[in-house]
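What follows is the residue order along each chain.
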Amino acid sequence: MFLDGLFRKKRNKRESEVEHAVYNALKMKPRSIKLYIKALRHKSAARNIHGKPDSSNERLEFLGDTILDAVVAEYLFLKYPQAEEGELTKMKSRVVSRSNLNHLAQQANLHNLLETDAQADTARESLGGNALEAIVGAMYLDLGFASVKTGVINMLDRYSDLDKLEYQEADFKSRLFELAHRMKQELRFETKPIKEFEGKKVFNARAFLGVQLVGMGEGFSKKKAEQDAAKNGLQKLNGQ
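Report on the accompanying structure. (Residues numbered from 1 in each chain as written. Predicted model: local features only at pLDDT ≥ 70, side-chain atom pairs only at ≥ 80, totals over all residues. Heavy atoms only, no water.)

A look at the packing of helix H7 (residues 98-107) against helix H9 (residues 145-159)
Then step 1. In the contact formed by H7 and H9, the axes pass within 11 Å of each other and the chain directions differ by 85°. Viewed along their axes, H7 and H9 adopt a mutual orientation that is roughly perpendicular. Seen from H7, the contacting residues are His103, Leu104 and Gln107; seen from H9, they are Met155, Leu156 and Tyr159.
Then step 2. Here the contact of H7 with H9 is built from residues that sort into four nonpolar, two polar and no charged. (Axes fitted to C-alpha atoms, helices over the stretch in contact; angles between N-to-C directions. Helix = DSSP H or I, 4+ residues; strand = E, 2+ residues; numbered from the N terminus. Parallel < 35°, antiparallel > 145°, perpendicular 65-115°, else oblique. Contact = heavy atoms within 4.5 Å. Nonpolar A, V, L, I, M, F, W, Y, C, P; charged D, E, K, R; others polar.)

In structure tokens, the structure reads:
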């Protein structure tokens, strides 16, 4: 305990903040803190601040994504013994969807510790899910699979309403985000007002998967236009 206390005193401010955040999120105490600092380093910071593109969290994100899938699959398998394979597959895709992982990262306040450059700084909330996957990868390397399972389950129990997710009917936009996640592609929408009809603004939305335009839509609000674009994008990607 004495040696552990000496070690902890050597943490700098950044290391202490990251250690505290990881423990609060997953209730697991890091050992190799530098792994978690790397997990919270976006590629923009690695390239433009540190001048080391290979020091980003992307490799840890890849590892954490695979491990998270396995942990969540086992958790749901045991939690819902009567659920069929198709139900479990849908449930898992919602739990590990980009929108839900972003939500978990925000609840655990991890997105505020994400290191980005000035241009990417405004996208912190949408990048939090990636960082969370990277933290899972870092924890696997640092503490092993058993600790990852315990930490992820701790987080899900505290921050995610699984019963609500189980019965949630995913909308077109959520379904497109889930598909983008499985395809390892970034999904983004470009939405703007284009005209007025009977005194109301009409919005146009374009959905991009990576650089590919996959769907366009219109509506009397940004939300409705993006839902329409997502619906058309899903139909296009599914060959309908």
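Description of empty space enclosed by the protein
Then step 1. On inspection of all chains with the given rule, the structure shows one cavity of 30 Å³ or more.
Then step 2. Its volume calculated, the largest cavity comes out at about 30 Å³.
Then step 3. What lines the largest cavity is Leu68, Val72, Val95, Leu101, Leu104, Leu132, Val152, Met155 and Leu156.
Then step 4. Elements with a contribution of two residues or more to the lining of the largest cavity: helix H5 (58-79), H7 and H9.
Then step 5. Counting residues per element, the lining of the largest cavity draws most heavily on H9, which supplies three residues.
Then step 6. The class makeup of the residues in the lining of the largest cavity is nine nonpolar, no polar and no charged. (1 Å grid on protein atoms, 1.4 Å probe; cavity = no way out; pocket = protein on both sides within 12 Å on 5 of 7 lines; lining within 4 Å. Points joined across faces, edges and corners; volume = space filled by probe spheres on them.)

Concerning the pattern of salt bridges
Then step 1. Under the definition given, this model contains nine salt bridges.
Then step 2. Close ionic contact of aspartate 69 with lysine 92 constitutes a salt bridge, the shortest N to O distance being 3.8 Å. Of this pair, aspartate 69 sits in helix H5 while lysine 92 is found in helix H6 (residues 85-95), placing the two residues 23 residues apart along the sequence.
Then step 3. According to the relative accessible area criterion, aspartate 69 is partly exposed, its value standing at 24%.
Then step 4. Between glutamate 190 and arginine 188 there is a salt bridge, and its shortest N-O distance comes to 2.7 Å.
Then step 5. Given the relative accessible area of 33%, glutamate 190 is considered partly exposed.
Then step 6. We classify arginine 188 as partly exposed; its relative accessible area is 31%.
Then step 7. Overlapping salt bridges, with partners in common, bring together Arg188, Glu190 and Arg206 in one network. (Salt bridge = Lys/Arg side-chain N within 4 Å of Asp/Glu carboxyl O. Buried < 20%, exposed > 50% of the residue type's maximum accessible area, 1.4 Å probe, protein only.)

Some remarks on the nonpolar core
Then step 1. Leu26, Tyr36, Leu110 and Met139 are the most contacted members of the largest nonpolar core, which has 45 residues in total.
Then step 2. Contributing elements (two or more residues each) for this core: helix H2 (13-26), helix H3 (33-39), H5, H6, H7, helix H8 (124-143) and H9.
Then step 3. Broken down by element, this core gets its largest block of residues, nine residues, from H8.
Then step 4. Once you skip the residues sitting within four places of it in the chain, leucine 110 turns out to touch Ala21, Ala25, Leu40, Ala105, Leu132 and Ile135.
Then step 5. Formed by 14 residues, the second largest nonpolar core is a distinct cluster that contains Leu179, Leu187, Ala205 and Ala225. (Core = buried A, V, L, I, M, F, W, Y, C linked by side-chain atoms within 4.5 Å.)

Quick word on the packing of aromatic side chains
Then step 1. Scanning the entire structure with this criterion turns up one aromatic pair.
Then step 2. When the ring of phenylalanine 177 is compared with that of phenylalanine 189, the centres are 6.2 Å apart and the planes differ by 55°; the resulting orientation is tilted. Of this pair, phenylalanine 177 sits in helix H11 (residues 172-182) while phenylalanine 189 sits in strand E1 (residues 187-197); the two residues are 12 residues apart in sequence, bridging distant segments of the chain.
Then step 3. Sitting over the face of the ring of phenylalanine 189, lysine 173 holds its NZ or CZ atom 4.9 Å from the ring centroid. (Phe/Tyr/Trp six-rings, centres within 6.5 Å; stacked < 30°, edge-to-face > 60°. Lys NZ or Arg CZ within 6 Å of the ring centre and 35° of its normal.)

A short note on the pairing of strand E2 (residues 200-209)
Then step 1. Here E2 lies mainly inside the structure; seven of its 10 residues are buried.
Then step 2. Note: E2 against strand E3 (residues 212-219), seven bridges, orientation antiparallel. The partner of leucine 209 across the bridge, within E3, is glutamine 212.
Then step 3. Counting the residues that bridge the hairpin from E2 to E3 gives two residues, and of these glycine 210 lies at a positive phi of roughly 65°. (Pairing = 2+ DSSP bridges.)

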